[in-house]
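In case you want the letters, here they are:
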Amino acid sequence: MNNAVNNGDDGIWSGTWVAERLGVELVGDDALTGLLGLALRRNPKRAHLLVSNVLGKHVPQSPSVVHGHGFALGRRVRELLGAEETAEAVVLGYAETATGLGHAVADGLGTAPYLHSTRRPVAGVAQAGGFEESHSHATSHLLLPEDPALLVGDGPLVLVDDEFSTGNTVLNTIRALHERYPRRRYVVVALVDMRSAADAGRLDDFAREIGARVDLVTAASGTVRLPEGVLEKGQELVARYEGATAGHQPSAAPSGPVAQLPATLQGAARTDSPGARGTARQAPHDPHPEGDRTRRTRPEGHLTRVDLHWPRGLPDGGRHGFTPKHRARLETALPAMTARLAEAIPEDASRVLVLGFEELMYAPLRLARELEQVVAAEVRYSTTTRSPVLAVDDPGYAIRSRIVFPAHDDPADGPGERYAYNVAGSGFDAVVAVVDSVADTRELHAPDGLLSQLAAHTPHVVLAVVPSYVPEPLYAAALSEERPAMLPEPLRGPAFSSYPPEEVGWLLQDLSDVTLEAPTEEREEAIQSGGAHYAESLPVEYQPSEQYQELFHAALETSAARIAQAVGVVTETVIAERSPRPVLVSLARAGTPVGVLMRRWAQFRHGLDLPHYAVSIVRGRGIDANALRWLAAHHDPRDVVFVDGWTGKGAITRELAAAIEEFEAGGGAAGFDAEIAVLADPGSCVRTYGTRDDFLIPSACLNSTVSGLISRTVLRADLVGPNDFHGAKFYRELAGTDVSVAFLDAVAARFPEVADAVGGAVKELLASDRTPSWEGWRAVERISEEYGIHDVNLVKPGVGETTRVLLRRVPWKILARAGAGADLDHVRLLAGQRGVPVEEVGDLPYTCVGLIHPQFTRGATGADGKAVTV
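Residues numbered from 1 in each chain as written. Predicted model: local features only at pLDDT ≥ 70, side-chain atom pairs only at ≥ 80, totals over all residues. Heavy atoms only, no water.

Colleague: Can you lay out the sheet that holds strand 14 (residues 378-384) for me, pointing to particular residues and giving the numbers?
Modeller: If you trace the five strands from one edge of the open sheet to the other, you get 12-18-17-13-14, paired in parallel fashion. Two strands in the sheet have a free side with no partner beyond their single neighbour: strand 12 (302-306) and strand 14. Neighbour-to-neighbour, the strand axes of this sheet turn through a mean angle of 20°, independent of strand direction. Relative to strand 14, strand 13 (residues 351-357) runs parallel, the two sharing seven bridges. Looking across to strand 14, one finds that V354 is bridged to Y381. Across the face of the sheet, helix 9 (residues 324-344) comes into contact with strand 12, strand 17 (430-436) and strand 18 (460-466) while running at roughly 160° to strand 12. (Pairing = 2+ DSSP bridges. Helix = DSSP H or I, 4+ residues; strand = E, 2+ residues; numbered from the N terminus. Axes fitted to C-alpha atoms, helices over the stretch in contact; angles between N-to-C directions. Contact = heavy atoms within 4.5 Å.)

Next up, the structure:
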């Protein structure tokens, strides 16, 4: 056993401080003081706390040591039961402290499924039982197995807790379960048996009472001797030391190095830790830090988010059950997941902490144990907790420091403080925080949240999020067995699109081998006559002239910084208001380059590796419902942010809102937010935007050659079935003129120079009234009537939409705001090539508006396809 942290500085037992002041004694096995230290807490039932050195909860420990203790207990249980009963055993662990220990015991048994109790209700999951923990600060335990039969049967039930102190919790559990699921044998497993002589006989009496055998397996045993009045003395001591630190809380505004952190990491680092030998001292912003063990001496924190690529459908722990098959899948996936974590840890790091989250103990433990094998750094493991414990910076006390932060998983019992112990002042060069997706909330990323607090004590914070597993209803599971999943994984480059595979996943089907292009005039006639929908065919891809390509590159050079700033503004707004870890879903295809740029900004500014997909939405037919189903199966719909390039009159904004409403009404997953985030909102149609200026976005100048060589999306009944994604083509043959990645690189290269401007713009934007005025829609209605068109669908406002008219439709005329300059150079060139008049207009809310020919037949154009006046 590694006893590196079993004792305090200079070999002092970490229970000495409490023992000397309260007269508390540990009596028992020689190993007892190596396994346990002592601390104090505010609890009306028990003032002292036994702090395990090998559990991985309060004291950072080698993950091999933590897992090894549980595994060894599991091996002992296997020997006790024998092969036949071991094959029928089920392991039950206790939340929150023993969830990881129970997993490790189940690992030692080898063939046993595992379930742990939980304090987190899960909607839609039936409760199979529950019990109370009388001495705890949070008493109610729920049992929520995915398989209701998990607790049914006559095989042994192995109950695992960190300590066996009075036996009340175990007796309550067995009594409650035995009434519903009686069995012949129970095995109680704990790291330490600390029952008093009076309590020791109760287990045997209880076993006779229920007519079952109850065995006990522990690593060490002993008892706690408590003098008279210890509860009152302990409470008085806690009150005195808590009062000593209460007047030394840091201010809410960050200062010093913390002030230089990204907005998602800023915040005053609140750390409670009375001074050496029990003297009260200030938290990290103390202007007199001499002797301050928790004083931050490292550079500013840096947050890196790592996508573990957690296996789909693999539970994050035992809340709903964890079977040997699940364990085998985890073992297979661990090396690759750990390699991703290792890449995020600085090569020169000498001490690394993997910090789990309350009940989420096993997944972080296994990652930490694997990490311990592949990095040169010393790796330690512990988790955050709900349990309030006094911190005293003394080598003879088990809790040397504590970090305090708000709950970040929307707990059922409401908001409250949470804690991380012995992290501050421990010299960790990097902390890997592992949480489940339910806990990856705004509170986690808030100025006073856990990530900000960790950043005050280590130069590198790494965040890894494990998907929160929620069981499907039984009927859904049966249905999925009868009908295999029909939705494929997203298409990615280079097989589909010229974008690198990590930049975007296309929730589309590849129709590259289908001839879909039709002459522009034929398409227009069919569309306006009602004979076909615009999404049933594709226009012939416009091949830009050399002069036009030069205009594109000139426009990109001129506007790259302006676009970069708008990208930064919209991305920061999304992270601040919509989700700290958004799932970007671009509306193909104009939204796709913007989604990629937003993803790059999040990586540049916050170290976030955001998922990004592209989906199809078709005016008049809605969004691809199968794409929504895929997204809901892989991500929390509440995190999805739909992205588009710009707004015109707001037709797609309205289309998306109606489609989401229809999707939910039809039984689709709830939670998708229909508000689009756009680079430019000249029509004032949305609240989330980078700018409301109508200016030239160079990606609007071209078609597929600036959008990954992907066509418009296609929705045609003979090609797209009810269980298919919408389709699109990959124009591989246009690779010679592709500027998709060049466009992204040119804009992203300007991120550093606009970063400060983005910060100011976002602050101003978030404080402003951004209620959509729909000014653009009203202007479109007015233009439609004034020009005798009487169809708003033929009026395309804004630089981007006007460009589309000239490239894809049969244009009638272009309205340009009087005095519009270089933003319209490409429009004037295209209009000249197609013989379309450009008319300057004084009162125009857009830079320009494109009008589609309102009375189109093929006879309305000349043989060369140029417009004629009617």
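Colleague: Lay out the sheet that holds strand 31 (residues 811-817) in plain terms, naming residues and giving numbers.
Modeller: Adjacent strands of a sheet pair through backbone hydrogen bonds, lying either parallel or antiparallel. The strand order 30-33-31-32 describes an open sheet built from four strands, whose pairing is mixed. In this open sheet, the two edge strands, each paired with only one partner strand, are strand 30 (795-797) and strand 32 (838-841). Taking each pair of neighbouring strands and ignoring which way they run, the sheet shows an average axis angle of 25°. One ladder, built from five bridges, connects strand 31 with strand 33 (residues 848-852); its direction is antiparallel. Among the inter-strand pairings, A816 is bridged to a residue of strand 33, identified as C848. Lying on the sheet, helix 21 (residues 775-786) is in contact with strand 30, strand 31 and strand 33; it crosses strand 30 at an angle near 140°.

Colleague: So what's going on with the packing of aromatic side chains? Residues and values would help.
Modeller: What the rule picks out here adds up to 13 aromatic pairs. With 5.9 Å between their ring centres and 10° between their planes, Y419 and Y421 make a pair best called stacked. Like Y419, the residue Y421 is buried in the burial classification. Arranged with centres 5.1 Å apart and planes meeting at 70°, the rings of Y613 and W630 form a pair that is edge-to-face. One end of the pair, Y613, is in strand 24 (residues 612-618); the other, W630, is in helix 17 (residues 625-634), with 17 residues separating them in the sequence. In this structure an aromatic cluster arises from ring pairing among F496, Y499, W506 and F730. Across the ring face of W774, the terminal group of R654 is positioned such that the distance to the ring centre comes to 4.3 Å. (Phe/Tyr/Trp six-rings, centres within 6.5 Å; stacked < 30°, edge-to-face > 60°. Buried < 20%, exposed > 50% of the residue type's maximum accessible area, 1.4 Å probe, protein only. Lys NZ or Arg CZ within 6 Å of the ring centre and 35° of its normal.)

Colleague: Explain the side chain of N422 residue by residue, including any values.
Modeller: One can find N422 in the loop between strand 16 (417-421) and strand 17. Classification of N422 by relative accessible area gives buried; the value is 9%. At a separation of 2.7 Å, a polar atom in the side chain of N422 contacts the main-chain amide nitrogen of R400. Once residues lying within four places of it in the same chain are set aside, the contact partners of N422 are H58, V59, P60, A398, I399, R400, S401 and F428. (Polar contact = N/O pair within 3.5 Å; in protein donor to acceptor, adjacent residues only side chain to side chain.)

Colleague: Talk me through the environment of A219; I want residue IDs and the actual numbers.
Modeller: Note that A219 resides in strand 10 (residues 213-225). Classification of A219 as partly exposed rests on a relative accessible area of 37%. As a C-alpha pair, A219 and G70 span 149 residues in sequence and 9.3 Å in three-dimensional space. Among residues more than four places away in sequence, those in contact with A219 are L73, R76, A190 and L191.

Colleague: Outline the nonpolar core, supporting the account with residue identities and numerical values.
Modeller: Grouped together as the largest cluster of nonpolar side chains are 137 residues, with contacts concentrated most on L40, V158, V189, L308, L341, Y397 and L454. Other than its neighbours up to four places away in sequence, L308 contacts M337, R340, L341, L367, A464, V465 and V466. In this structure, V585, F725, A728 and V747 belong to the second largest nonpolar core, which totals 105 residues. (Core = buried A, V, L, I, M, F, W, Y, C linked by side-chain atoms within 4.5 Å.)

Colleague: Any chance you could break down the pairing of strand 32 for me, citing the residues and the numbers?
Modeller: In this structure, strand 31 lies alongside strand 32, joined through four bridges in parallel fashion. Looking at strand 32, one finds that A816 is bridged to E840. Each parallel crossover has a hand, and the one from strand 31 via helix 23 (residues 825-834) to strand 32 is right-handed. (Right-handed = clockwise from strand over helix to strand, strands pointing away.)

Colleague: Outline the pattern of salt bridges, listing residues and values.
Modeller: Applying the stated criterion to the full structure yields 40 salt bridges. Of the charged contacts in the structure, one is a salt bridge between R770 and E577, with a shortest N-O distance of 2.5 Å. Residue R770 is located in the loop between helix 20 (751-766) and helix 21, and its partner E577 is located in helix 15 (residues 546-577); the two are separated by 193 residues in the primary sequence. The exposure class of R770 is buried, given its relative accessible area of 1%. For E577, a relative accessible area of 28% translates into the label partly exposed. A salt bridge links D609 to R599, with the nearest nitrogen and oxygen atoms 2.5 Å apart. Within this pair, whereas D609 is found in the loop between helix 16 (591-606) and strand 24, its partner R599 is found in helix 16, the two being separated by ten residues in sequence. You can call R599 buried: its relative accessible area is 5%. (Salt bridge = Lys/Arg side-chain N within 4 Å of Asp/Glu carboxyl O.)

Colleague: Now, about unusual backbone geometry: what can you tell me, with residues and values included?
Modeller: Residue A95 is joined to E96 through a cis peptide bond whose omega torsion reads -10°. One can find E96 in the loop between strand 4 (90-93) and helix 4 (99-109). Despite not being glycine, H309 shows a phi value in the positive range, around 60°. As for its placement among the helices and strands, H309 is situated in the loop between strand 12 and helix 9. For N422, which is not a glycine, the phi torsion comes out positive at approximately 60°.

Colleague: Could you give an account of helix 20, with specific residues and numbers?
Modeller: At A757, helix 20 shows its largest kink, close to 35°. What helix 20 keeps buried is the set F751, V754, A755, V758, V762 and L765. Those residues of helix 20 hidden inside the fold are in contact with helix 15, helix 16, strand 28 (688-691) and helix 19 (740-748). (Bend = angle between axes of the 7 residues up to and from the residue.)

Colleague: An account of helix 19 is needed here, citing residue identities and associated values.
Modeller: Here helix 19 has its buried residues at S740, F743, L744, V747 and A748. What you see down the axis of helix 19 is that its buried residues fit within an arc of 125°, all on one side. Its buried side turned inward, helix 19 meets helix 15, helix 16 and helix 20. (Arc of directions from axis to C-beta.)

Colleague: Report on the side chain of R366, specifying residues and quantitative values.
Modeller: Relative to the elements of secondary structure, R366 occurs in helix 10 (residues 362-374). At 2.9 Å, the side chain of R366 and the side chain of E331 are in polar contact. Setting aside anything within four residues of it in sequence, one finds R366 in contact with H67, D107, L330, E331 and L334.

Just distances and angles here, no functional claims.
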